[in-house]
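The chain contents come next:
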Amino acid sequence: MRTTVSLGLALAFAGNAGAAEVTIKNDSLTDFGSAAIVWGFVTGEMAGSWLTSPCDGNLVAVQIFWRSPSGVSADVIGNAIHIYRSGTFPAPGDEAQTIGGPVLQDNALNEWRYLDDNNTLPLIVPVTMSETVVVAFEFPAPPEAGVDPSVVRDTDGNTSGRNTIYADVGGSFAWFDSATLGVNGDWVIRAVVNCTTMSTDADVSVSMTATPTAYTAGDALQYTIVVANAGPASSPNTTLVDTFPAAFQAPTWTCASSGGATCPAGSSGNIIGSSSLPAGGQITFTVDGSVAPGTTGTLSNSMTAVVNAPATDPSGTNNTASLDLEVAASDVIFANGFDGAAIILRPVAARATGRPPR
């Protein structure tokens with residue numbers, strides 16, 4: 001049983017990334033953000049994050065947020081921090097490196113760049129662009145719920161396929177999807193990658209479809225909008241704008257994300273907000289509304305994604321998707337004035353040639 005407590009946290013950083021370094025993470029925790037401490041671990045169990053590199057380079061640091069309710073507990077020495085190659089979720093692959101006996105300071109985003117306490121053996125794990133690695137913290141002893149510090153998760157949902165627990169189930173250890181064990185957020189467990197050739201190019205694209213493909217005034221209409229980043233770089237500050245046409249009434253929407261992407265806030269009205277889109281990340285909007293009675297002509301809608309610094313978009317031609325819908329065929333007939341009145345056909349009288357009428 002995993003137990004949690006939610007609280008506001010002030011991030012205290014134990015290290016800083018250099019200019020060519022990128023912090024990779026799944027969590028959404030920011031300074032003074034809301035998060036939850038998770039207890040319920042026993043000796044030897046692990047909490048792990050599946051993290052994707054944005055570039056070719058070296059993983060040179062790992063970070064773990066460690067917190068107690070008071071924020072002033074004594075330092076804790078963990079069993080180890082394990083860095084694995086990707087495997088088949090939720091079980092990682094081969095172990096690439098181990099940091100033994102890491103010291104964790106309460107109420108801090110602790111960072112480790114060396115394998116030993118003397119800071120003589122640097123942490124270096126070669127990675128390639130879009131490669132996934134797993135960073136897992138191994139507990140030395142069961143933290144006491146409500147008292148001791150432990151690992152922390154964010155509070156806006158558990159990203160599918162990105163969070164694991166190595167758990168003791170009846171004396172046998174196995175890897176589990178953390179969501180199946182009741183963890184409702186992403187671990188604040190991160191890594192730092194030093195990109196050898198760091199590109200800022202983020203090819204963000206937008207596509208849009210509608211159901212049905214032709215509208216009927218007064219009926220329901222649904223838009224599906226997909227925003228994706230083909231990379232190679234992340235686009236952490238992507239502005240999304242869709243101002244729906246006035247004839248599209250009472251729009252409500254949901255947003256689903258994958259690949260570490262984040263959805264903008266909101267669920268109704270126009271879509272105006274910001275999203276983080278890692279390379280390979282994608283968000284999908286499903287928008288439901290109805291077409292105002294009496295609507296005629298072309299119904300036009302468009303979504304635009306603006307890639308902001310530090311990223312740049314190498315192709316600006318696919319950042320806007322526009323969709324023009326025409327009125328359904330049955331409406332076109334009656335819009336032209338045919339109201340269903342009967343048309344009477346009369347026989348043609350025979351002419352004086354003696355031939356029968358044709």
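Thresholds, definitions, all that
Residues numbered from 1 in each chain as written. Predicted model: local features only at pLDDT ≥ 70, side-chain atom pairs only at ≥ 80, totals over all residues. Heavy atoms only, no water. Buried < 20%, exposed > 50% of the residue type's maximum accessible area, 1.4 Å probe, protein only. Helix = DSSP H or I, 4+ residues; strand = E, 2+ residues; numbered from the N terminus. Pairing = 2+ DSSP bridges. Contact = heavy atoms within 4.5 Å. Disulfide = S-S within 2.5 Å. Axes fitted to C-alpha atoms, helices over the stretch in contact; angles between N-to-C directions. pLDDT = per-residue confidence, 0-100.

### Digging into the pairing of strand β23 (residues 299-307)
Along β23, the buried face is formed by Leu299, Asn301, Met303, Ala305 and Val307; none of Ser300, Ser302, Thr304 and Val306, which line the opposite face, is buried. Sheet topology places strand β19 (residues 235-242) next to β23; four bridges connect them, and they run antiparallel. When the bridges of β23 are listed, Val241 appears paired with Thr304. Bridge count between β23 and strand β24 (residues 320-325): six bridges; the pairing is antiparallel. Opposite Asn301, over in β24, you have Leu323 as the bridge partner.

### Some thoughts on the environment of Pro314
Note on placement: Pro314 falls in the loop between β23 and β24. When the C-alpha atoms of Pro314 and Asp203 are compared, they prove to be 6.1 Å apart, with 111 residues separating the residues in sequence. If sequence neighbours within four positions are ignored, Pro314 has contacts with Asp201, Ala202 and Asp203.

### Regarding the state of the cysteines
Cysteine pairs can be covalently joined through their sulfur atoms, and such a bond is termed a disulfide. What the rule picks out here adds up to two disulfides. Residue Cys55 pairs covalently with Cys195 via a disulfide, S to S 1.9 Å. Across the disulfide from Cys55 to Cys195, rotation about the S-S bond amounts to roughly -80°, and the bridge is consequently left-handed. Separated by 140 residues along the polypeptide, Cys55 in the loop between β4 (46-52) and β5 (57-67) and Cys195 in strand β16 (residues 189-195) bring together distant segments of the chain. Cys195 matches Cys55 in its accessibility class, with the two residues each being buried.

### A closer look at the sheet that holds strand β22 (residues 282-291)
Working definition: the strands of a sheet are paired by backbone hydrogen bonds and lie parallel or antiparallel to each other. Taken in spatial order, the four strands of this open sheet run β17-β18-β22-β20, and their pairing is antiparallel. The strands lining the two open edges of the sheet, one partner per strand, are β17 (202-211) and β20 (248-258). Strand-to-strand twist across the sheet, computed as the mean angle between neighbouring axes with direction ignored, equals 15°. Here strand β18 (residues 220-232) runs beside β22; their pairing, made up of nine bridges, is antiparallel. When the sheet's bridge partners are listed, Ile225 is paired in β22 with Phe285.

### Observations concerning unusual backbone geometry
Between Thr211 and Pro212 the backbone carries a cis peptide bond, its omega angle lying at 0°. On the secondary structure map, Pro212 appears in the loop between β17 and β18. Cis geometry marks the peptide bond from Ala309 to Pro310; its omega dihedral reads 10°. As for its position among the elements, Pro310 is in the loop between β23 and β24. Positive phi, normally seen in glycine, also occurs at Ser130, with a value near 75°. With respect to the helices, strands and loops of the structure, Ser130 is situated in the loop between β11 (125-127) and β12 (132-138). We classify Ser130 as partly exposed; its relative accessible area is 44%.

### Quick notes on the confidence of the model for the chain
In the predicted model, the chain carries a mean pLDDT of 88, and 86% of its residues have values of at least 70. Low pLDDT, under 50, characterises residues 12-19; the stretch is placed with 15 contacts to residues that sit more than four places away or in other chains. Confidence drops under a pLDDT of 50 for residues 333-358, and excluding neighbours within four residues, the segment shows six contacts in the predicted structure.

### With respect to the environment of Asp117
Take Asp117: it is sitting in the loop between β10 (108-112) and β11. Of the residues examined, Asp117 reaches a relative accessible area of 63% and is grouped as exposed. As a C-alpha pair, Asp117 and Ile99 span 18 residues in sequence and 9.3 Å in three-dimensional space.

### Quick look at the sheet that holds β23
Read across the open sheet, the four strands follow the order β21-β19-β23-β24; overall the sheet is antiparallel. On the outer flanks of this sheet lie β21 (271-277) and β24, each paired with one strand and no other. Geometrically, the sheet is characterised by an average inter-axis angle of 15° between neighbouring strands, direction not taken into account.

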